[in-house]
Amino acid sequence: MFRKSADDTAEFPVQPAQESGHAQPGSQSRRRGFKRQPEAQAQSESAQSASAGVTNKSADGTSPAQNAGKKNEQAGTPNAKQKLSASATGALKGASGAAKGAGRSILSGYSAFRSVHRASKSYSTATSELKSLTQMLSDDRDLLAHREQVEHDYPTIMQKQGAEVRAAKAAEDRARRRAEALRRERADIAKKLKELKDANEQKLRPYRELMETSRGRSDDAARQLADARRTLKAAEQRMTEETKRRDQRISAANHEVDSAQERLRRTQDNLSMLKADTASSPSLVNKAQAEVQAERSHVDSARQNVTQVTKESQEAVDIAQRNLFDQQKETSDAERAATTAKAEANSRKTEYESLYKEASAAEKKLEDAMKERDDKAGEADKAADAAKARADAAQAIINEANDIHNNPATTRGLRERIRNEEHDVQKKQAEVNSLGEAMQDLRQSTRKARVLFALVAIVVVALVIVALWYFAVPH
């Protein structure tokens with residue numbers, strides 16, 4: 001029997017003699033007897049099947065005459081019937097024995113696989129427990145070595161670590177004092193910076209106001225210049241329009257004079273023709289003379305209109321010309337004023353920016369000094385923290401050394417525990433070795449059964465695949 005493992009409560013039985021291949025006294029005869037019983041049973045079953053077949057043949061519903069004829073034929077060949085019956089019985093016996101043998105082989109192979117699996121699991125569990133025990137023993141041995149080393153070096157540890165604690169605390173105290181001094185300096189610089197900013201504000205305020213005022217005047221002058229340029233453009237447009245209107249009116253008046261003179265010439269020609277014609281009546285001549293007189297009046301009136309239109313149009317052009325001249329002068333004055341205002345604004349801006357940069361540089365110098373103090377104070381804090389960590393580490397070593405030195409019973413108890421653990425490790429190692437050997441023996445003794453089971457499984461799977469393929473393919 002196999003031993004129980006820590007997490008497997010099942011016992012693993014030793015394989016039977018027929019599986020392991022080792023014969024035991026009386027086993028061969030028992031095996032032969034075991035085989036003979038199924039064979040006898042198979043022969044009995046075969047005989048019963050044969051007799052049943054004969055009974056069925058005789059009772060298959062045929063007539064008595066036919067049965068009598070068959071009996072006469074069978075009576076003529078008794079040796080053939082005996083040989084046929086013996087062959088059928090032998091075939092049935094062989095098939096039955098082969099089927100039962102295959103069934104026993106499959107069951108034996110499956111049982112072998114399960115036994116090997118359980119043995120492997122028990123061996124793995126025991127190996128894991130051995131590893132855990134070994135690690136525990138190694139940790140306790142390291143702990144014991146450490147405690148013994150500390151006990152051996154106890155005076156040296158107390159002296160060295162005590163000096164380290166004192167030196168680290170002194171370094172921490174110096175770093176704390178330096179950090180405090182740097183922060184006081186930083187506070188003084190911050191106070192000076194505030195005073196400097198107030199003084200700079202008082203100094204720069206008038207210059208900033210002058211800069212803003214000059215910039216306002218420059219903006220006003222620029223707006224006035226823009227207005228003047230728009231007005232000048234309108235005056236130029238008006239001048240162009242008045243000149244064009246004068247030319248158009250004068251041309252129209254002259255055209256009216258030309259038309260009146262043309263009509264006068266025609267009426268004069270008509271009057272001359274009537275006077276030359278002796279057959280003309282005096283009334284026609286008088287009428288023609290009246291028309292000539294009327295056309296002369298139209299010509300005189302048209303000429304007077306030309307004079308009047310020329311005068312009026314020229315006066316409008318003169319007015320537009322004077323307005324254009326005035327706007328040109330006003331625009332020129334606005335340009336000079338804008339240029340002067342802009343130059344003054346730029347000058348005030350440059351002056352203010354120069355003073356502002358100077359003040360900002362002085363303020364930045366103090367700000368840099370404050371930042372420098374902050375950085376150094378931070379470094380001092382880090383140094384103090386590092387020194388404190390050193391002191392704490394040295395004090396922890398001292399506390400551990402005192403605990404080990406003042407508690408020798410703990411060290412003795414650790415030695416006793418290590419002895420017990422060594423015994424447990426040896427015991428578990430023997431168990432692992434035993435399980436390993438048993439597992440190897442079991443693998444060797446059941447190799448044939450497991451191989452046969454695997455082959456049978458492969459054949460079954462192949463048959464299933466072939467059957468599925470056969471039924472899936474249309475015929």
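Since we're looking at a predicted model, the values are computed, not measured. (Residues numbered from 1 in each chain as written. Predicted model: local features only at pLDDT ≥ 70, side-chain atom pairs only at ≥ 80, totals over all residues. Heavy atoms only, no water.)

**Q** Lay out the overall build of the chain with the relevant residues and their values.
**A** Of regular secondary structure, the chain possesses eight helices and zero strands. For the chain, the succession of helices and strands along the chain, N to C, is α-α-α-α-α-α-α-α. Counting across all 475 residues of the chain, residues that qualify as buried make up 23%. Long-range pairs, those at least 24 residues apart, make up 90% of the contacts in the chain with a sequence separation of at least 6. As presented, the chain carries roughly 32800 Å² of accessible surface, and 55% of it is formed by carbon and sulfur atoms. (Helix = DSSP H or I, 4+ residues; strand = E, 2+ residues; numbered from the N terminus. Buried < 20%, exposed > 50% of the residue type's maximum accessible area, 1.4 Å probe, protein only. Contact = heavy atoms within 4.5 Å. Areas by Shrake-Rupley, 256 points an atom, 1.4 Å probe, with all protein chains shown as cover.)

**Q** How would you explain the side chain of Thr-125 if you had to name every residue and give the values?
**A** Along the chain, the position of Thr-125 falls in helix 4 (residues 78–152). Classification of Thr-125 by relative accessible area gives buried; the value is 11%. In this structure the side chain of Thr-125 is engaged in a polar contact, spanning 2.9 Å, whose partner is the backbone oxygen of Lys-121. (Polar contact = N/O pair within 3.5 Å; in protein donor to acceptor, adjacent residues only side chain to side chain.)

**Q** So what about the confidence of the model for the chain? Which residues, and what values?
**A** This prediction gives the chain a mean pLDDT of 76; 76% of its residues lie at or above 70. A low-confidence stretch, residues 1–102 stays under pLDDT 50, and its non-local contacts, those more than four residues away or across chains, total 51 contacts. (pLDDT = per-residue confidence, 0-100.)

**Q** I'd like a rundown of the packing of helix 5 (residues 154–276) against helix 6 (residues 282–406), residues and numbers included.
**A** The N-to-C vectors of helix 5 and helix 6 enclose an angle of 175°; their axes lie 2 Å apart at closest approach. With respect to each other, helix 5 and helix 6 are oriented roughly antiparallel. Classifying every residue of the contact of helix 5 with helix 6 gives 67 nonpolar, 26 polar and 44 charged. (Axes fitted to C-alpha atoms, helices over the stretch in contact; angles between N-to-C directions. Parallel < 35°, antiparallel > 145°, perpendicular 65-115°, else oblique. Nonpolar A, V, L, I, M, F, W, Y, C, P; charged D, E, K, R; others polar.)

**Q** Could you give me a rundown of the pattern of salt bridges, with the residues and numbers involved?
**A** Side chains bearing opposite charge may pair, as long as their charged atoms lie close to each other. Evaluation of the coordinates by the stated rule reveals 34 salt bridges. The partner of Asp-381 in a salt bridge is Arg-183, and the shortest N-O contact between them spans 2.3 Å. A residue pair is termed long-range when its members are at least 10 positions apart, and Asp-381 in helix 6 and Arg-183 in helix 5 qualify at 198 residues. Under the relative-accessibility criterion, Arg-183 is labelled partly exposed at 42%. A salt bridge links Arg-245 to Glu-242; the nearest nitrogen and oxygen atoms lie 2.8 Å apart. Taken together, the positions of Arg-245 and Glu-242, both in helix 5 and three residues apart, correspond to about one turn of that helix. Here the residues in one salt-bridge network are Glu-185, Glu-372, Arg-373 and Lys-376, joined through shared partners. (Salt bridge = Lys/Arg side-chain N within 4 Å of Asp/Glu carboxyl O.)

**Q** Requested: an account of the side chain of Arg-246, with residues and values cited.
**A** Within the secondary structure, Arg-246 sits in helix 5. Given the relative accessible area of 18%, Arg-246 is considered buried. Here Gln-314 takes part through its side chain, which lies 2.7 Å from a polar atom of the side chain of Arg-246. Residue contacts for Arg-246: discarding those within four places in its chain leaves Ser-313, Gln-314 and Val-317.

**Q** Could you give an account of a nonpolar patch on the surface, with specific residues and numbers?
**A** Together, Val-451, Leu-455 and Ile-458 make up a nonpolar patch on the protein surface, roughly 280 Å² of accessible area in all. Val-451 gets classed as partly exposed once you look at its relative accessible area, which sits at 45%. (Patch = residues over 30% accessible without salt bridge, like charges linked within 9 Å, V, L, I, M, F, W, Y side chains within 5 Å.)

**Q** Lay out the packing of aromatic side chains with the relevant residues and their values.
**A** When we look at a pair of aromatic rings, we describe it by the centre distance and by the angle of the planes. Tallied over the entire structure, the rule returns two aromatic pairs. Relative to Tyr-356, the ring of Tyr-352 lies with its centre 6.1 Å away and its plane at 25°, an arrangement referred to as stacked. With Tyr-352 and Tyr-356 both in helix 6, this residue pair falls four residues apart, about one helical turn. Summarising the aromatic geometry, the rings of Tyr-470 and Phe-471 are spaced 5.5 Å apart at their centres and angled 80° between planes, so their arrangement reads as edge-to-face. (Phe/Tyr/Trp six-rings, centres within 6.5 Å; stacked < 30°, edge-to-face > 60°.)

**Q** Before we move on, could you go through the environment of Leu-271 and cite the residues and values that matter?
**A** With respect to the helices, strands and loops of the structure, Leu-271 is situated in helix 5. When its relative accessible area of 11% is taken as the criterion, Leu-271 is described as buried. It is 9.0 Å that separates the C-alpha atoms of Leu-271 and Glu-291, two residues lying 20 residues apart in sequence. Setting aside residues no more than four positions away along its own chain, Leu-271 makes contact with Val-285, Ala-288, Gln-289 and Val-292.

**Q** Lay out the nonpolar core with the relevant residues and their values.
**A** By size, the foremost hydrophobic cluster in this structure holds nine residues: Ala-126, Leu-130, Leu-137, Leu-144, Leu-414, Ile-418, Val-425, Val-432 and Leu-435. Where this core is concerned, the elements lending two or more residues are helix 4 and helix 7 (408–445). Of all the elements, helix 7 adds the most residues to this core, at five residues. The residues contacting Leu-414, other than those within four sequence positions of it, are Asp-140, Leu-143, Leu-144 and Arg-147. Counting eight residues, the second-largest nonpolar core is a separate cluster that includes Leu-271, Val-285, Ala-288 and Val-299. (Core = buried A, V, L, I, M, F, W, Y, C linked by side-chain atoms within 4.5 Å.)

**Q** An account of the environment of Ser-138 is requested, with residue identities and associated values reported.
**A** Position of Ser-138 relative to the elements: it lies in helix 4. Taking C-alpha positions, Ser-138 is 9.7 Å from Glu-421, a pair spaced 283 residues apart along the chain.

**Q** Outline the environment of Leu-210, listing residues and values.
**A** Among the secondary structure elements, Leu-210 is positioned in helix 5. Counting along the chain gives 138 residues from Leu-210 to Arg-348, while the straight-line C-alpha distance between them is 6.7 Å.

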